[in-house]
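Each chain, letter by letter, is given below.
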Amino acid sequence: ETGVTQTPRHLVMGMTNKKSLKCEQHLGHNAMYWYKQSAKKPLELMFVYSLEERVENNSVPSRFSPECPNSSHLFLHLHTLQPEDSALYLCASSLTTSGGTDTQYFGPGTRLTVL
Amino acid sequence: AQSVAQPEDQVNVAEGNPLTVKCTYSVSGNPYLFWYVQYPNRGLQFLLKYITGDNLVKGSYGFEAEFNKSQTSFHLKKPSALVSDSALYFCAVRDRRGGTASKLTFGTGTRLQVTL
């Protein structure tokens, strides 16, 4: 699990705040992902990056803004969130985005609460 | 579109008994199949995956899973459950065709509760 780290682990923010989530992978992978995990729902893929280039954006509201400055780091910038955005946000990485037999490795997540 | 069904929200097992966590899938092509486990306040940890070949796949912590193409299932099993196995288990599928089908699709998860 130490291959992918996320900070902070917990975040409480108001609807007018701006905050950022950080993810770092130490696995030498070229692909990174943001997922949203809500109770009793399947994981929702939010963004996919391959070699710092965004390759997928699954109709995520613009109040979520990803940034991938290099293949080891991924950020999720948050602003003017809604209470329904409260969830566990998971970062993952894999060798490539081509799928196949690639395994995605997950970080511990950031538990976000929007008041 | 691909999908995964985990029909049981929770599975209760006594320690020492065998356990099964069920998963069925739907893909247009042939699948790659994965199992992940999530302990409280932790991210998802990879357990095992089916690629090809032997239908019985062995993974971490004594878990194994059996691929059944005719029943489109990939049930997770362990011969003897431990209390420490109590966690949330996710099945995931990916279509072998790649491209937009290369997305990993997860089920809703099954909570495993192992009691003494």
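This text goes with the structure placed above it.
Quick caveat: nothing in here was measured; it's all calculated off a predicted structure. (Residues numbered from 1 in each chain as written. Chains lettered and ligands numbered in written order. Predicted model: local features only at pLDDT ≥ 70, side-chain atom pairs only at ≥ 80, totals over all residues. Heavy atoms only, no water.)

1. Description of the packing of aromatic side chains
We apply this condition: The pairing test for Phe, Tyr and Trp rings, Trp by its six-membered ring, is centres within 6.5 Å, and the orientation test on the planes gives stacked under 30 degrees, edge-to-face over 60, and tilted for anything in between. In DSSP terms, a helix is any run of H or I states spanning at least four residues, a strand is any run of E spanning at least two, and both are numbered starting from the N terminus. Categorising residues by exposure relies on relative accessible area from a 1.4 Å probe, with only protein chains included: less than 20% of the type maximum marks a residue as buried, more than 50% marks it as exposed, and the intermediate range marks it as partly exposed.
Tallying each qualifying case throughout the model produces 13 aromatic pairs over all chains. Judged by centre distance (5.8 Å) and plane angle (90 degrees), the rings of tyrosine 35 of chain A and phenylalanine 106 of chain B are edge-to-face. Here tyrosine 35 of chain A is found in strand β4 (residues 31–37), whereas its partner phenylalanine 106 of chain B is found in strand β11 (residues 105–106) on a different chain. Side by side, tyrosine 35 of chain A and phenylalanine 106 of chain B carry an identical accessibility label, which is buried. With centroids separated by 6.5 Å and ring planes inclined at 55 degrees, the aromatic side chains of tyrosine 50 of chain B and phenylalanine 74 of chain B adopt a geometry described as tilted. Here tyrosine 50 of chain B is found in strand β6 (residues 44–50), whereas its partner phenylalanine 74 of chain B is found in strand β9 (residues 73–78), with 24 residues between them in sequence. This pair shows no difference in class: tyrosine 50 of chain B is buried, exactly as phenylalanine 74 of chain B is. Among the aromatic residues, ring-to-ring pairing joins Tyr33, Tyr35, Tyr105 and Phe106 of chain A together with Tyr36, Phe46 and Phe106 of chain B into one connected group.

2. A few points about the state of the cysteines
Rules: By disulfide we mean two sulfur atoms from cysteines, separated by a distance within 2.5 Å.
Under the defined criterion, the tally for this structure stands at 2 disulfides over all chains. Covalent S-S linkage joins cysteine 23 of chain A and cysteine 91 of chain A, the inter-sulfur distance amounting to 1.9 Å. On the sign convention where negative is left-handed, the bridge of cysteine 23 of chain A and cysteine 91 of chain A, at about -70 degrees about the S-S bond, is left-handed. Of the two residues, cysteine 23 of chain A is situated in strand β3 (residues 18–25) and cysteine 91 of chain A in strand β9 (residues 87–94); the sequence distance between them amounts to 68 residues. Note on accessibility: cysteine 23 of chain A and cysteine 91 of chain A belong to one class, buried. Disulfide pairing places cysteine 23 of chain B opposite cysteine 91 of chain B at an S-S distance of 2.0 Å.

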